[in-house]
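Listed below, chain by chain, are the residues.
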Amino acid sequence: TKFPNLSELNRVRQLRSNEVNALLDAPTPPIVLDVREPNEYGGELGHIRGSILIPLRNLADRATELEAYRGRQIIAVCRSGVRSTTAAAMLTGLGFEQVFNLRDGMVDWNDRKLPIER
């Protein structure tokens, strides 16, 4: 899987922290894909409850782990929204249709005092 180009990155749909938080309470919540490194996932910014950790550098090799969720909304998350936009574009390129990015990432999530786990 090649890394996405700028036009592919610009097509990634962005969601704000409060929008994502509201979606998590839906009857069928989205899959939250955290693409940070393990030390970040468990670090000071924490992670979103129920999120799946697949670091961006491993995503191409591990994308098959997400096949079961192909029909669901998938929201990519990282520290500030840069790696996760790349991840979202990669998944879109693999044919996942309902992929979004958490705009401004876990930094914004924490700034808004939304719930985290460590």
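Up top is the structure.
Just so it is clear, the model here is predicted, and its values are computed rather than measured. (Residues numbered from 1 in each chain as written. Predicted model: local features only at pLDDT ≥ 70, side-chain atom pairs only at ≥ 80, totals over all residues. Heavy atoms only, no water.)

**Brief notes about the overall build of the protein**
Now for step 1: The helix and strand inventory of the protein stands at six helices and five strands.
Now for step 2: The principal-axis extents of the C-alpha atoms in the protein amount to approximately 35 × 30 × 25 Å.
Now for step 3: By residue count, 44% of the 118 residues in the protein fall in the buried class.
Now for step 4: Long-range pairs, those at least 24 residues apart, make up 69% of the contacts in the protein with a sequence separation of at least 6.
Now for step 5: Both charge centroids of the protein, one from 16 positive and one from 15 negative side chains, sit 2 Å from each other. (Helix = DSSP H or I, 4+ residues; strand = E, 2+ residues; numbered from the N terminus. Buried < 20%, exposed > 50% of the residue type's maximum accessible area, 1.4 Å probe, protein only. Contact = heavy atoms within 4.5 Å. Lys, Arg positive; Asp, Glu negative; His and termini not counted. Charge placed at Lys NZ, Arg CZ, Asp CG, Glu CD.)

**Quick look at the environment of histidine 47**
Now for step 1: Residue position: histidine 47 is located in the loop between helix H3 (38–41) and strand E3 (52–53).
Now for step 2: The spacing of histidine 47 and isoleucine 116 is 69 residues in sequence and 5.3 Å in space, taken between C-alpha atoms.
Now for step 3: With residues near it in sequence (within four places) discarded, histidine 47 still touches Asp34, Arg36, Tyr41, Met106, Ile116, Glu117 and Arg118.
Now for step 4: At 2.8 Å, the side chain of histidine 47 and the backbone oxygen of tyrosine 41 are in polar contact. (Polar contact = N/O pair within 3.5 Å; in protein donor to acceptor, adjacent residues only side chain to side chain.)

**A closer look at the sheet that holds strand E4 (residues 74–77)**
Now for step 1: Pairing is parallel across the open sheet formed by five strands, whose spatial order is E1-E5-E4-E2-E3. Because the sheet does not close on itself, it has two edges, and the strands there are strand E1 (13–15) and E3.
Now for step 2: Of the strand pairs in this sheet, strand E2 (residues 31–34) and E3 are connected by two bridges, and their pairing is parallel. Paired with aspartate 34 across the bridge in E3 is leucine 53. (Pairing = 2+ DSSP bridges.)

**Topic: the pairing of E4**
Now for step 1: Judged by which residues are buried, E4 turns out to be covered on both faces: Ile74 and Ala76 on one side and Ile75 and Val77 on the other are all buried.
Now for step 2: Here E2 runs beside E4; their pairing, made up of four bridges, is parallel. Across the sheet, the residue bridging to leucine 33 is alanine 76, located in E4.
Now for step 3: As defined by bridge partners, E4 adjoins strand E5 (residues 99–102) across three bridges and the pair is classed as parallel. Its bridge partner being in E5, isoleucine 74 is matched across the sheet by valine 99.
Now for step 4: The handedness of the E4 to E5 crossover, carried by helix H5 (residues 82–93), is right-handed. (Right-handed = clockwise from strand over helix to strand, strands pointing away.)

**Considerations on the pattern of salt bridges**
If the charged atoms of two oppositely charged side chains come close together, the side chains can form a pair.
Now for step 1: Per the counting criterion, the structure on display carries six salt bridges.
Now for step 2: For glutamate 37, the salt bridge goes to arginine 57, with nearest N and O atoms at 2.7 Å. Of this pair, glutamate 37 sits in the loop between E2 and H3 while arginine 57 sits in helix H4 (residues 56–62); the two residues are 20 residues apart in sequence, bridging distant segments of the chain. (Salt bridge = Lys/Arg side-chain N within 4 Å of Asp/Glu carboxyl O.)

**Topic: the nonpolar core**
One recurring pattern in soluble globular proteins: nonpolar side chains tend to sit buried together.
Now for step 1: Counting residues in each nonpolar core, the largest one holds 18 residues, and the members touching the most others are Leu33, Leu59, Leu66 and Leu91.
Now for step 2: The set of elements that each furnish at least two residues to this core consists of E2, H4, E4 and H5.
Now for step 3: Looking at which element gives the most residues to this core, the answer is H5, with five residues.
Now for step 4: Among residues more than four places away in sequence, those in contact with leucine 91 are Leu33, Leu59, Leu66, Ile74, Phe96 and Val99. (Core = buried A, V, L, I, M, F, W, Y, C linked by side-chain atoms within 4.5 Å.)

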